[in-house]
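Close look at the chain arrangement
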Amino acid sequence: MSVKAVLARKLGMTQLFGADGRVEPVTVLRAGPCSVVQVKTRTRDGYDAVQLGFDTVDPRRLTRSRLGHCKAAGVGPVRHLVEIRDPEPDPVGTEVRVAVFSAGDLVDVTGRSKGKGFSGQHKRHHFGRGPVTHGSHNIKQPGSVGSVDAARTLRGLRMAGHLGDSRVTVRRLRVVSVDPDRNLLLVRGAIPGARTGMVVVRQSTARVRKPRGHH
């Protein structure tokens, strides 16, 4: 099986004890099973990719176009459709399960972070505070947002605004355990999003940076 990716739902966090007695924080994911709904090729679509479907849903909750798309692939109605770039995709109708991963693999996990609403610049951008002595009133002010020449506020300044609810990818997380019978995947560390949130788990492609002075 060539597709080294699976869609999963976050169940929560727990901890495991290793053989040496060390505690490892892990995130439990219900990964797959997923179905290959569509295959895109470079000659026809301009790139190679596979579209995975996840989470069976009542047909009445989907549009006619989505139902027809799933029916053409020979799979049941699914709630989520996600494209995964793959130079050698599996054929339509193939079932992708959590067994594509094994303990020790490094994966990249992508999800949506928790929405935190409107937040100030200290929480949103980790600003430091001002002095709190001698009657200072500049404790949580952002500082100067003007410019020397332009009589306006320039774009891109780090200011207060909406925080969270954005696409986040955590790279190079180690797979601690795989349970094919229960479709469970245990990944070391935390991943973005709240419990029951949908995430994409794929084989890590991040490069390891060599330390300076290493030849």
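In what follows, the structure referred to is the one given above.
Let me begin by describing the structure that accompanies this report. Worth saying up front: this structure is predicted, and the values here are computed from it rather than measured. (Residues numbered from 1 in each chain as written. Predicted model: local features only at pLDDT ≥ 70, side-chain atom pairs only at ≥ 80, totals over all residues. Heavy atoms only, no water.)

**Some points on a positive patch on the surface**
Taken together, the side chains of K114, K116, K123 and R195 define a basic patch exposed on the protein surface. Within the secondary structure layout, K116 lies in the loop between β7 (106-112) and β8 (117-119). With a relative accessible area of 47%, K116 lands in the partly exposed category. (Patch = residues over 30% accessible without salt bridge, like charges linked within 9 Å, V, L, I, M, F, W, Y side chains within 5 Å. Areas by Shrake-Rupley, 256 points an atom, 1.4 Å probe, with all protein chains shown as cover. Salt bridge = Lys/Arg side-chain N within 4 Å of Asp/Glu carboxyl O. Lys, Arg positive; Asp, Glu negative; His and termini not counted. Charge placed at Lys NZ, Arg CZ, Asp CG, Glu CD. Helix = DSSP H or I, 4+ residues; strand = E, 2+ residues; numbered from the N terminus. Buried < 20%, exposed > 50% of the residue type's maximum accessible area, 1.4 Å probe, protein only.)

**Points about the nonpolar core**
Core analysis: the largest hydrophobic core is formed by 29 residues, its most contacted members being L29, L52, V107, L185 and V201. Here the element with the most residues in this core is strand β1 (residues 5-17); it accounts for four residues. If we ignore the near neighbours within four places in the chain, the residues touching L29 are A8, R9, K10, N183, L184, L185, V187, I191, V199 and V201. (Core = buried A, V, L, I, M, F, W, Y, C linked by side-chain atoms within 4.5 Å. Contact = heavy atoms within 4.5 Å.)

**Comments concerning the sheet that holds strand β4 (residues 49-56)**
Strand pairing in a sheet takes place through backbone hydrogen bonds and is either antiparallel or parallel in direction. Pairing within the open sheet is antiparallel, and its four strands lie in the order β5-β4-β3-β6. Since the sheet does not close on itself, it has two edges, and those belong to β5 (78-85) and β6 (95-96), each with one partner. Two strands pair when backbone bridges link them, and strand β3 (residues 34-40) and β4 are joined in this way by five bridges, in the antiparallel orientation. By the bridge assignment for β4, V36 is matched with L52. Of the strands in this sheet, β3, β4 and β5 touch helix α2 (residues 64-73), which is tilted by about 65° from β5. (Pairing = 2+ DSSP bridges. Axes fitted to C-alpha atoms, helices over the stretch in contact; angles between N-to-C directions.)

**Some words on the pattern of salt bridges**
Tallied over the entire structure, the rule returns 14 salt bridges. Linking E24 and R174 is a salt bridge whose minimum nitrogen-to-oxygen distance equals 2.3 Å. Highlighted residues: E24 in strand β2 (residues 23-31) and R174 in strand β10 (residues 167-179), separated in sequence by 150 residues. Judged by its relative accessible area of 32%, R174 falls in the partly exposed class. Two residues, D48 and R42, come together in a salt bridge whose shortest N-O distance is 3.8 Å. Several salt bridges converge on common partners, so that one network encompasses R9, D55 and R79.

**Side note on a nonpolar patch on the surface**
A cluster of nonpolar side chains, contributed by L154, L157 and M159, occupies part of the molecular surface with about 230 Å² of accessible area. You can see L154 is positioned in the loop between α3 (121-125) and β9 (161-163).

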